[in-house]
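Here is what each chain is made of, one letter per residue.
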Amino acid sequence: MANHIPREFIQLLLGRIELVDLIDGRVPLRKKSANNYFACCPFHTEKSASFSVSQNKQFYYCFGCGAHGNAIDFLMQYDRLEFPEAVETLARQAGMEVPRTAGAISRPAVSNHLYELLESAAKYYQQQLKQSSTAIDYLKKRGLSGEIAKQFGLGFAPPGWDSLSEALGKTASLKQQLGDAGMLVKKDDGGYYDRFRERIMFPIRDRRGRLIGFGGRILETGEPKYLNSPETPIFQKGHELYGFYEAQQANRTLPRVLIVEGYMDVIALFQHGVTYAMATLGTATTATHLQRLFRHTAEIVFCFDGDSAGRTAAFRALLVTLPIMQDDVQVRFLFLPDNEDPDSLIRKEGRDAFENRIQNAVTLSHFFFQSLSAQSDLTSMDGRARFIKLATEHIHQMPENIFRQMMLDELAKRARTDIKQLHPQKTKQKHFIPAKQKARPPSTLRLAMTLLVQQPSLAHLIDKPLPLMELRGYDLLQKIVESIRVHPDLTTGGLLEYFRDQEDVTTLSKLAQTEHMIPEDGIQHEFLGAISRLRKVGHEQLIERLIAKASQTALSQEEKMQLDELIRAK
């Protein structure tokens, strides 16, 4: 989605937003130096102010938890918005309209109308619930109070094939729009009939509270027991979680999220005070679900049946989790007793006992090794070899961080082998560093990039093109310089935005946070000195290339003059 908003517009927008004012409106800042402001970090609990906002850089950074970024990142983290939503919010604040590129899906007017139609449908179903003693009795038997039913906007789809169609689809155009919203099904003869009939209706809202679809639970026996809205322009099941919006409303921050399987589980848990439960919408948990959740919480607990099917589903969820596991998050698995679900269990034993189960849920690492150990005979050498192969295939999909290393350490311990045997041989990247360059100070390139990222205007001091060079990371320096030449007014925050969707943004973020300890009046001198040293490296490499070529074939006249000039200059 980010790619559909022109980069030029985003840079212009960031240029009109004052980061200090934006953050100060949500987190009171106090000035500590000419261009830096501080506050207690809004993203973790602390007593001393470690959250720094730089007016010059248009960049914030917390020395405690590492949160960092520009104005867009702040809204994504603090207001818990997606990238397009954060851009739209800033654009409204700046009095600008967000343009879209030709490749974008342009459907805001259609989407807005679908939201309105679904809200009308929800009101219709809620009115029908009040008039249905059968539906009310069903909810009472399930133990739901009127307050919780109102909080989640529960309703009832009456019997009949065209109740909703007749109530809201007064025109052919409205019927078509209700069909687009997934509420009506088109017949072969061109007419429509209601998708939901004689079902308890569960409105599904996105993180901003907009109604995007419904789930329907049949009152009596029948199939399917649960029926969800189909995918529509505003509803993608692999992206949304039932109860996410309600959990955000009930909790300013989410220290934990419990993922369960059904609507009734979520509602029953909420009614008993567990206000951080969510459910997938007829799909398995996806990486998109988890990436979205990890923006809001540091702990996810999956809740599954304790039988074989439940453990198989849990292991699938674990495999989805591994590639995005970071050191600052925790994932655990809660397995329920036989013939129990969260709805029945919390009613039987109460909130405290249920939350005690959550506290004692199995950790990801324990469940991982437990599951794979069951597939191998660890008392035999060939069984341990199989165990290692199964485990390493999954562990090597994880990001290279501390948790990954600890998983390998634990694998080595369980398999009774040397940890070195579990690491793939790394031979790549050696050829990027010329032999003579290894002895040179490794900080020169990093120093130049650090100063440039933190003070992009330094790029204008480079009066001659940088030489060609074989040096790991040097291409990033060239890209930074080029991006600043294209956008001369870039701040640190703007530069990070320019690289947002590229792999290099992680490196740039680290450079933006680096403390270089160089006085303000010495930065230009240090930067130009680093560039000068890099030029010398480039010239030495060029001399070596020309001499090597001369030993194989005759140099051109131009190359001879170039070599002579370089040697004299050296």
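Residues numbered from 1 in each chain as written. Predicted model: local features only at pLDDT ≥ 70, side-chain atom pairs only at ≥ 80, totals over all residues. Heavy atoms only, no water.

Undergrad: Please set out the pattern of salt bridges residue by residue, giving values where relevant.
TA: Considering all chains together, one arrives at 21 salt bridges under this definition. For Lys413, the salt bridge is made with Glu410, and the minimal N-O distance between the two is 3.6 Å. Taken together, the positions of Lys413 and Glu410, both in helix H17 (residues 402-415) and 3 residues apart, correspond to about one turn of that helix. Taking the relative accessible area as the measure of exposure, Lys413 reaches 60% and is therefore exposed. Taking relative accessible area as the criterion, Glu410 reaches 24% and is therefore assigned partly exposed. Asp504 is the partner of Lys479 in a salt bridge, and the nearest nitrogen-oxygen pair spans 2.6 Å. Taken together, the residues Lys479 in helix H19 (residues 474-486) and Asp504 in the loop between helix H20 (492-498) and helix H21 (505-513) connect sequence positions 25 residues apart. Accessibility expressed as a relative area gives 18% for Asp504, which makes it buried. Within this structure, Glu82, Glu85, Arg207, Glu240 and Arg292 form a network of salt bridges that share partners. (Salt bridge = Lys/Arg side-chain N within 4 Å of Asp/Glu carboxyl O. Helix = DSSP H or I, 4+ residues; strand = E, 2+ residues; numbered from the N terminus. Buried < 20%, exposed > 50% of the residue type's maximum accessible area, 1.4 Å probe, protein only.)

Undergrad: I'd like to hear about the sheet that holds strand S13 (residues 277-279), residue by residue, with values.
TA: Pairing is mixed across the open sheet formed by 5 strands, whose spatial order is S13-S12-S14-S15-S16. A single partner strand is all that each edge strand has here, and the edge strands are S13 and strand S16 (362-363). Pairing of strand S12 (residues 257-260) with strand S14 (residues 299-305) involves 3 bridges; the strand directions are parallel. Note that in S14 the partner of Val257 across the bridge is Ile300. Against the sheet, helix H11 (residues 263-271) makes contact with S12 and S13, and its axis sits at roughly 170 degrees relative to S13, the strand it touches most. (Pairing = 2+ DSSP bridges. Contact = heavy atoms within 4.5 Å. Axes fitted to C-alpha atoms, helices over the stretch in contact; angles between N-to-C directions.)

Undergrad: Please provide a residue-by-residue account of the packing of H11 against helix H14 (residues 342-359), values included.
TA: Running from N to C, H11 and H14 point in directions that differ by 30 degrees, and their axes come no closer than 10 Å. Looking at the two axes, H11 sits roughly parallel to H14. Regarding H11 and H14, the two cross each other, and that crossing is right-handed. Taking contact as the criterion, the partners of Met264, Asp265, Ala268, Leu269 and Gln271 in H11 are, on H14, Pro342, Asp343, Ile346, Arg347 and Phe354. (Parallel < 35°, antiparallel > 145°, perpendicular 65-115°, else oblique. Left-handed = near helix turned anticlockwise from the far one by under 90°.)

Undergrad: Can you break down the environment of Glu544 residue by residue, with the values?
TA: Checked against the element boundaries, Glu544 lands in helix H22 (residues 523-550). Exposure remark for Glu544: the relative accessible area of 33% places this residue in the partly exposed category. Separated by 478 residues in the primary sequence, Glu544 and Gly66 have C-alpha atoms spaced 43 Å apart.

Undergrad: Pulling in residues and values, what's your account of the nonpolar core?
TA: Tyr125, Met183, Phe214, Tyr242, Phe333 and Phe368 are the most contacted members of the largest nonpolar core, which totals 103 residues. Looking at this core, the element that brings in the most residues is helix H5 (residues 108-130), giving 9 residues. Met469, Leu476, Ile518 and Phe527 belong to the second-largest nonpolar core, a separate cluster that totals 37 residues. (Core = buried A, V, L, I, M, F, W, Y, C linked by side-chain atoms within 4.5 Å.)

Undergrad: Any details on the packing of aromatic side chains? Residues and values, ideally.
TA: Centre distance and the angle of the planes are the two values used to describe a pair of aromatic rings. Applying the stated criterion across every chain yields a total of 26 aromatic pairs. Residues Phe43 and Tyr60 carry aromatic rings whose centres are separated by 6.4 Å and whose planes lie at 40 degrees to one another, so their mutual orientation is tilted. Residue Phe43 is found in the loop between strand S2 (36-39) and strand S3 (51-54), and its partner Tyr60 is found in strand S4 (residues 59-62); the two are separated by 17 residues along the sequence. The class for Tyr60 is buried, based on a relative accessible area of 0%. The rings of Phe302, Phe304, Phe315, Phe333, Phe335, Phe367, Phe368, Phe369 and Phe387 are connected pair by pair, giving a single aromatic cluster. Stacked on the ring of Phe335, the Lys or Arg Arg311 has its end atom at 4.1 Å from the ring centre. (Phe/Tyr/Trp six-rings, centres within 6.5 Å; stacked < 30°, edge-to-face > 60°. Lys NZ or Arg CZ within 6 Å of the ring centre and 35° of its normal.)

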